[in-house]
Amino acid sequence: MSSSFENELIEERKQLKKLKFGLNKAQELAHIGHWELDISSGELFWSDEVYRIFGYAPQEFAATYELFLKHIHPDDIELVNKSYMDSVNEKRGYHITHRIIRKDSKMGFVEERCEHEFDADGNVIRSIGTVHDITKQKIAQNEVMLASEVFSKMSDGIVITDSSQKIIKVNKAFSKISGYSAEELYGQTPKALSSGWHNHEFYGSMWASIMTHGYWNGEIIDRKKNGELYTAEINIIALHNDEGILTNFISIANDVTKKKEQEDLIHNLAYFDSLTTLPNRVLFQERVVSRIPFIKRNKKKMALLFIDMDNFKNVNDTLGHVMGDKFLVEVSKIIKKAIREQDTLSRLGGDEFTVIIEDIDTVMDVVSIAENIINAFRQPLIIEANKLYTGVSMGISIYPDDGQSYEELVKAADTAMYQVKASGKNSFQFYTQSMNEKLTERIDIENHLRSAIENNEFFLVYQPKVNLDTKSVYGMEALIRWKHPELGLVRPDKFINISEETGQIYEIGLWVAKQALLDTKALHETGNMLTVSINVSSKQLENENFIRDICREVGEIGVDIQYIELEITESHIMSNIDKTLSILNELHFIGFLLSIDDFGTGYSSLSYLKKLPVQTIKIDRSFVLDIETDEDDRSIVATIIAMARALGKDVIAEGSETQGHVNTLKLLNCNKIQGYFFSKPIEIDTFKEFIYNF
Ligand code: C2E
Ligand code: CA
Ligand code: CA
């Protein structure tokens, strides 16, 4: 060989080596390897990059088709095999993408291309292919697919803008929420959705948060394409690229209108009266409590009106609850009209309403509003052709004069309202300190009453009943007295009512009966066969045990029942006539004497009077007081006496204080008298002396 040829050869090899190196490097950089398969010899060649793609060192082992198949993902082996075989049979190239399993068992993606070389007869003699590792691209692509899947399927609305807030993408959910299609929104800014609900400060602080912290979240009220408002819970995120430059804003919106509506409904249930839609007790209290500091700071006054309808129970009882409800709704409208825009009307429940009046300068402001309310009910309410007359009883308390707290103010207004009720209804009254004193006294009495029996604080006094014809004492009325260590001597007028309200009257009444019977028995044992009159309140009668309990006392003590008279006031009998009548009949049947007390004040009708099993009518002392001078009183007494005689009943006049009283009554044919003229109620020992000397 000539040296020049040799040199040429060396040079060529060098070149070839360089080329091979270059090719290898190029393949490594492009992640593309190549292979060649000699069909006749079955010899397979892999370039270094193919080894690398499969996770091996270059030429780590001798490549074979079988080894190659081993590195194909099991699910793709058939595809790979078939693609190759088909391409050989059909004498054409192919191009597929499939998964591989690398040496370290990790999965990868490759793109394969293959072509064939043919002999003169057209048979395949060699196959040449490339393997392109596309794992990275594939993963990136999958991520994008996943992201876009999420983007379009998410139920939250997503809006993506560029850095200048121009909308570049919105998802389906957002179109659904806003009513705008993606196309309508592209190029716009989110201002297009603004409802005008929020002010500059709101957006200002929102953007400040996005710019400084990179995000904001909160609730925004936006406007839909159809004009409707909706509340969205929104997260806004500022996106920056690797260089830290702001590129996008992403807003994720969740329409919470439904949730909001639900919350509002719950709020309404908790704070508003469903019947009248007025604020309820809870909201009323909240308002008062929340206004107090403000009013205090500004040295103002606030009035609280406590309103109770005068006829509600009646309406409910006679016309039913449906009408009762309509009545209340109507009432609420009327009061609302009578007050000013800024005054708050609430319904506390039942027929109780309150009004909060703020910014009052003088008490006269409140008076005129109160008068407006009273006057508004001068006309009857017309509900479904029913004419309903009603009135209001209103108590008024003033902050800070009558109370510093909600509780004190309500209590004061309530106390004043009760005062109105007690003194004839359909009016208003301001709370006064004396009402408070009355109330305190009442509470004192109520508390001390509880222990009065066990502490032996009650005692009885007796007032004689005199028969003018026989000039003798024929009976005595037992009257209770209460001597309390602190309160002193308390008159029954002060505590009987209260004990009726608390139910304590029942126990007290039994104590009275027992004591009166014991005293009577002692009297009878000395031969003075007097009749004892015991006052019985309707609250006692209504107790289902009354007859049993009183009969037990009578039996145990052993007083002849024909000397026991029960006095029941006329108004008590008439207020629940049907029920009382049957009890009175039973008592009469057992053998008790019965008397109608305070007669003339309770509006008895003659027809009822006829039916009542009472033997005696006791003319109320109010008619006796002026009987000498007042024509009317005298004729009333004369009528009562005539009526009683006609019905075959006995008559007694109480409250006879003077000789004149006694004379007049005698002239009117009333021969039984009770009163100071003969004696004040006195203790039993004094009473015994009294009859002894009579
Ligand atoms: P009442 O049953 O009408 O009793 C008569 C009241 O008139 C008694 O007052 C008596 O002291 C008073 N009185 C008697 N004579 C005269 C008079 O000439 N002039 C005047 N101005 N008053 C006279 P008291 O004892 O304060 O009793 C008041 C009311 O308390 C009684 O009225 C009765 O309704 C009730 N009460 C008294 N004791 C009992 C009782 O044991 N049980 C029940 N349920 N109620 C009682
Ligand atoms: Ca009486
Ligand atoms: Ca009486």
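First things first, this report covers the structure right here in the doc. None of these values were measured; they are calculated from a predicted model.

**A short note on the side chain of D620**
Relative to the helices and strands, D620 resides in the loop between strand 24 (616-619) and helix 23 (621-625). Buried charge D620 goes without a salt bridge, the closest partner of opposite sign being R621 at 5.2 Å. For D620, the residues in contact, after removing those within four places along its chain, are D598, F599, T601 and E654.

**Here's the deal with the coordination of the calcium ion (ligand 3)**
In the first shell of the calcium ion (ligand 3), the protein supplies D597 (OD), D598 (OD), E654 (OE) and E654 (OE), at 2.2 to 2.5 Å from the metal. Positions of the donor residues of the calcium ion (ligand 3), expressed as sequence spacing, correspond to D-D-x55-E. Separation of the calcium ion (ligand 3) from the calcium ion (ligand 2) amounts to 4.1 Å, with D597 serving as a shared donor to the pair. Within this pair, whereas D597 is found in strand 23 (residues 593-599), its partner E654 is found in the loop between strand 25 (650-653) and helix 25 (659-667), the two being separated by 57 residues in sequence. E654 carries the same exposure label as D597, and that label is buried.

**Considering the pairing of strand 1 (residues 32-38)**
Pairing between strand 1 and strand 5 (residues 124-133): 7 bridges, direction antiparallel. By the bridge assignment, W35 is partnered in strand 5 with G129. Judged from the 3 bridges that link them, strand 1 and strand 2 (residues 44-46) form a sheet pairing that is antiparallel. Looking at the pairing, W35 lines up with W46 of strand 2. Taking the residues that link successive antiparallel strands as the turn, the strand 1-strand 2 hairpin has 5 residues, and the phi of G42 there is positive, at about 80°.

**Side note on the sheet that holds strand 8 (residues 215-223)**
Here we have 5 strands laid out as an open sheet, ordered 7-6-10-9-8, and antiparallel in their pairing. Two strands close off the open sheet at either side, each with one partner strand: strand 7 (167-170) and strand 8. In this sheet, adjacent strand axes meet at a mean angle of 25° when their direction is disregarded. Where strand 6 (residues 157-162) lies against strand 10 (residues 246-255), 6 bridges are found, and the strand directions are antiparallel. What sits directly across from V159, in strand 10, is S251. On the sheet, helix 8 (residues 200-213) packs against strand 8, strand 9 (229-240) and strand 10 and is oriented at approximately 150° with respect to strand 8.

**Focus: the coordination of the calcium ion (ligand 2)**
Within the protein, E477 (OE), N535 (OD1), E567 (OE) and D597 (OD) serve as the donor atoms for the calcium ion (ligand 2), at 2.1 to 2.3 Å. Here the donor residues for the calcium ion (ligand 2) map to a single chain with the spacing E-x57-N-x31-E-x29-D. We classify N535 as partly exposed; its relative accessible area is 27%.

**Here we look at the packing of aromatic side chains**
In total, this model carries 25 aromatic pairs according to the counting rule given. For the pair W35 and Y84, a centre-to-centre distance of 6.4 Å together with 65° between the ring planes defines the contact as edge-to-face. Pair noted here: W35 is in strand 1 and Y84 is in helix 4 (residues 77-89), with a separation of 49 residues, a long-range link. Like Y84, W35 is buried.

**Quick word on the pairing of strand 7**
By the bridge criterion, 3 bridges tie strand 6 to strand 7 in an arrangement that is antiparallel. From the neighbouring strand, T161 faces strand 7, where its bridge partner is I167. The turn joining strand 6 and strand 7, which pair antiparallel and follow one another in sequence, is formed by 4 residues; a positive phi near 70° is taken by Q165.

**Here's the deal with unusual backbone geometry**
Look at the link from Y399 to P400: it is a cis peptide, with omega at 5°. Its place among the elements puts P400 in the loop between strand 16 (392-399) and helix 14 (406-422). Within the chain, S105 stands out as a residue other than glycine whose phi angle is a positive 70°. Looking at the element boundaries, S105 is found in the loop between strand 3 (94-101) and strand 4 (107-118).

**Quick look at the site of ligand 1**
In the neighbourhood of ligand 1, 23 residues make up the surrounding shell, with Q463, R481, R491, E657 and Y676 lying closest. Residue I480 places a main-chain N or O atom 3.1 Å away from a nitrogen atom belonging to ligand 1. For ligand 1, an oxygen atom lies 2.9 Å from a polar atom in the side chain of R481. About the coverage of ligand 1: the protein hides 89% of its 790 Å² of free accessible area. Those elements that provide at least two residues to the shell around ligand 1 are strand 19 (472-484), helix 16 (492-502) and strand 23. Tallied by class, the residues present in the shell around ligand 1 amount to 7 nonpolar, 7 polar and 9 charged.

Reading the values: rules and limits
- Within each chain, residue numbers correspond to sequence positions counted from 1 in written order.
- Written order decides the labels, with chains lettered from A and ligands numbered from 1.
- At least 70 in pLDDT is required for a residue's local features to be given in this predicted model, at least 80 for side-chain atom pairs to be given and counted, and no such filter applies to totals for whole chains, interfaces and linings, which use all residues.
- Side-chain measures here rest on the full set of heavy atoms in the structure, leaving out hydrogens and waters.
- Helix and strand assignments follow DSSP, with helices taken as H or I runs no shorter than four residues and strands as E runs no shorter than two, numbered in order from the N terminus.
- For the exposure calls, accessible area comes from a 1.4 Å probe over protein chains only, and a residue counts as buried if that area is under 20% of its type's maximum, exposed if over 50%, partly exposed in between.
- In summary, the charge assignment counts Lys and Arg as positive and Asp and Glu as negative, without counting His or the chain termini.
- When a carboxyl oxygen of Asp or Glu is within 4 Å of a side-chain nitrogen of Lys or Arg, the pair counts as a salt bridge.
- Throughout, a residue-residue contact means that at least one pair of heavy atoms, one from each residue, lies within 4.5 Å.
- Ligating atoms shown are N, O and S within 2.8 Å of the metal, or 3.2 Å for Na, K and Ca, and water is not included, meaning a site may look less than complete.
- Strands were regarded as paired on the criterion that DSSP finds at least two bridges between them.
- Between N-to-C directions, angles span 0 to 180 degrees; the directions come from axes that are lines fitted to C-alpha atoms, helices contributing only their stretch in contact.
- Ring geometry is summarised as follows: Phe, Tyr and Trp rings, the Trp one being its six-membered ring, pair when their centres sit within 6.5 Å, and such pairs are stacked at plane angles under 30 degrees, edge-to-face over 60 and tilted between the two.
- Being near a molecule or strand, for a residue, means having at least one of its heavy atoms within 4 Å of it.
- Each polar contact in these results corresponds to two N or O atoms within 3.5 Å; when the atoms are within protein, one needs to be able to donate a hydrogen and the other to accept it, and residues that are neighboring in sequence are counted only if both atoms are side-chain atoms.
- Under the convention used here, a 1.4 Å probe and the Shrake-Rupley method define accessible areas, while residue burial counts only the protein chains that appear.
- Each residue is assigned to one class: nonpolar for Ala, Val, Leu, Ile, Met, Phe, Trp, Tyr, Cys and Pro, charged for Asp, Glu, Lys and Arg, and polar for all the others, Gly among them.

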